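Listed below, chain by chain, are the residues.
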Amino acid sequence: MTTNGKPKFAMYWAAACGGCEIAVLNIHEKILDVDANFEVVFWPVAMDAKYKDVRAMPDKSILLTLFNGGIRNSEHEEIALLLRAKSQILVAFGSCANEGCVPGLANFSSTEQIFKAAYSSLSTNNPDGILPQSHYDAPEGELHIPKFYPVLKTLDQVVPVDYFMPGCPPESHQIAAVIDLVIKVLHGEAALPPAGSVIGAGVSTVCDDCKRVRNEKKIKKFIRIQDLDHLDPVQCLLEQGVPCNGPATRQGCGALCPTAGAQCIGCYGPAEGVIDYGSRLITSFASVIDSNDPDEIERILDGIPDPAGQFYRFNLAGSLLRAGKAAWKGNGSA
Amino acid sequence: MSDIQTFEPVIIGFTCNWCSYRAADLAGTARIKYPPNVRLIRLMCSGRLDPTFVIKALSGGADGVLITGCHPGECHYIEQNYKALRRFLLLRRTLAQMGIEPGRIKLVWASAAEGVQLAAEITKMVEEIKALGPLNWPKWDNGHLDQTVVLQEEVKA
């Protein structure tokens, strides 16, 4: 492989949707700064590259690797280990790599349930009921396909990670700011943040960025936003009974969703100091319910029909429990 | 002997400083017998109970969690036990979706005079958890950040 002497850059996608790659391209002309300052050596979605080329590189020869996606199968884990060895700075990029994100919601289900949904549902044309196997004896020889893990893991549950950049996807202005910083570091004009930092985001919550007016919260009814007859354009969404995840979610997006009239769904992950994201939301939602009567409280809670999905939509794989019993026990009982 | 007879569950019990801890204390000084499966942790108030504590206990090897506080209307901090009640109800729903049986988490009100009642509730809960069997949540071999250390720091603060 030819080299032009510039620091090397890599980006990889594991269990992800590709939105993180689009977010990187959304930095517009700033991408030219990336090209001016870096040699892109590995970026499967943008250029042709082979794993064997990465294996041939000396250890620590890639300066910066942005890793997006969760660890769903043995291929993801293998590439995570490989890129960890070859990279000086490994960034868990985007919600999937940080906390599992939507692919991590599969951690509520057993492998059998996941395969059934993917390969045997009505919308799938699979009359022979063929399921992926990790080994297959073809006439030409034995084939190996990556092994599907029962529980999706985050990147730092597999390898040590230098920086964490949250968001689904990370906002483009935050990516541009991080790239600016790295280029300044390259030119000796700035220092890297302490190892293990969350970069490209704030420390407080989405509520701190939200312009909606907040008063004392007293909720008699939780309601889905689409079922609301009239949405007050200025009042706090949670005060209107809309389950808004702002109180536990890290700031960084500029409160885009609540500003646009939709509840925060928590894509920037837990705010600084929050150990279990769902627990923090349980605390905040329960605190604002305006009732002391157990039966009435239960009726109000019926307004959140899927609490685990509400509280762990992005964070299940990164939470304290990590996965439902069905996933790790594999019996599909839950 | 069956598994249910040999299985000794670990139950983490959270007590409030003003009522339920004193109820447990009273049970002790009055020499009321109850099974030793419950490990009591004293909080100032049931309202201090962050659901994180419960989830940490269950993910760390506990088979059940007992949350106790002052009777409704008798909270030392006016109404924090109602907050504990609401958090408990929401937490129990959430954990059920994770496959954790609702019976593993229990909320009990006990005044400082109710040593007998608290001991009876603990005895009952130990039997119920024995019937459910061990939870055995996996000991994930690596942590997302270093949560154990962080949690200890938060409890100290």
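It should be noted that the structure appears before, not after, this text.
We now turn to the structure provided with this report. (Residues numbered from 1 in each chain as written. Chains lettered and ligands numbered in written order. Predicted model: local features only at pLDDT ≥ 70, side-chain atom pairs only at ≥ 80, totals over all residues.)

1. Considering the overall build of chain B
So, point 1. Counting its secondary structure elements, chain B contains six helices and four strands.
So, point 2. Secondary structure of chain B in N-to-C order comes out as α-β-α-β-α-β-α-β-α-α.
So, point 3. For chain B, buried positions account for 48% of its 157 residues.
So, point 4. Across chain B, every contact between residues at least 6 apart in sequence was considered, and the portion connecting residues at least 24 apart equals 82%. (Helix = DSSP H or I, 4+ residues; strand = E, 2+ residues; numbered from the N terminus. Buried ≥ 20, exposed ≤ 12 C-beta atoms within 10 Å, placed from the backbone. Contact = placed C-beta atoms within 7 Å.)

2. What about the environment of A:K52?
So, point 1. Tracing the backbone through its elements, the reader meets A:K52 in helix 3 (residues 51–56).
So, point 2. Taking the number of C-beta atoms within 10 Å as the measure of exposure, A:K52 has 7 and is therefore exposed.

3. With respect to the sheet that holds strand 3 (residues 64–69) of chain B
All names here are of chain B.
So, point 1. If you walk across this open sheet you meet the four strands as 2-1-3-4, and the pairing is parallel. The open sheet terminates on both sides in strands that have one partner only, identified here as strand 2 (38–43) and strand 4 (105–109). The average angle at which neighbouring strand axes cross in this sheet is 20 degrees, direction not considered.
So, point 2. By the bridge criterion, four bridges tie strand 1 (residues 11–16) to strand 3 in an arrangement that is parallel. Residue pairing across strands places I12 opposite V65, the latter belonging to strand 3.
So, point 3. Those strands touched by helix 3 (residues 51–59) are strand 1, strand 3 and strand 4, and its axis lies near 150 degrees from that of strand 3.
So, point 4. With respect to the sheet, helix 4 (residues 80–97) is in contact with strand 3 and strand 4, its orientation differing from that of strand 4 by roughly 160 degrees. (Pairing = 2+ DSSP bridges. Axes fitted to C-alpha atoms, helices over the stretch in contact; angles between N-to-C directions.)

4. Details of the environment of B:G115
Residues and elements named next belong to chain B.
So, point 1. Within the fold, G115 resides in helix 5 (residues 115–132).
So, point 2. Judged by local crowding, G115 falls into the buried class, with 22 C-beta atoms found within 10 Å.
So, point 3. On a C-alpha basis, the gap between G115 and A24 in space is 5.6 Å, while along the polypeptide they are 91 residues apart.
So, point 4. Ignoring any residue separated from it by four or fewer positions in sequence, one finds G115 in contact with A23, L26, A27, A30 and I32.

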